[in-house]
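Single-letter residue listing:
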Amino acid sequence: MTTSLQWHRAIPFSQLDDEEPTQIRVDDKLIALCKLDDQAFAVDDICTHEFASLSDGIIEDGCLECPLHQALFDIRTGKALTLPAVIDLAVYSVKIEDGIVWVGV
């Protein structure tokens, strides 16, 4: 069975910062939007190790750092890179049209 994405308007791309993730809500999901090299990426906003909002963390070298225990996640793939996190983040499709970031869920 093929599942089609529902695209949700997020924010203007110009509002994304290279070092700070931005939290958005899509339905009941909290999502962290991240900017890297003029691209946008979207991952679950809640750390897989312990409840913490990743949008309160920082982005450095393509990694999103959890503000609670400093676990690192790759913003492109959601992969958990360091302990204490061992479970990857869910990732979401992103497109930029006319300067607006859209997230596919």
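Core analysis: the largest hydrophobic core is formed by 17 residues, its most contacted members being C47, L54, L64, C66, F73 and I75. Those elements that place two or more of their residues in this core are β3 (29-36) and β4 (39-44). With three residues, the single largest contributor to this core is β3. With near-sequence residues (within four places) excluded, I75 lies in contact with C34, K35, L36, F41, V43, I59, G62, C63 and L64. I11, V26, L33 and V103 belong to the second largest nonpolar core, which has 12 residues in total.

Overall, antiparallel pairing links the six strands, which are arranged β1-β9-β8-β4-β3-β2 in an open sheet. Taken across any chain shown, the strands that pair with only one partner, and hence form the sheet edges, are β1 (7-12) and β2 (22-26). Pairs of neighbouring strands in the sheet enclose a mean axial angle of 35°, with direction left out of account.

Conventions and cut-offs
Residues numbered from 1 in each chain as written. Predicted model: local features only at pLDDT ≥ 70, side-chain atom pairs only at ≥ 80, totals over all residues. Heavy atoms only, no water. Core = buried A, V, L, I, M, F, W, Y, C linked by side-chain atoms within 4.5 Å. Buried < 20%, exposed > 50% of the residue type's maximum accessible area, 1.4 Å probe, protein only. Helix = DSSP H or I, 4+ residues; strand = E, 2+ residues; numbered from the N terminus. Contact = heavy atoms within 4.5 Å. Pairing = 2+ DSSP bridges. Axes fitted to C-alpha atoms, helices over the stretch in contact; angles between N-to-C directions.

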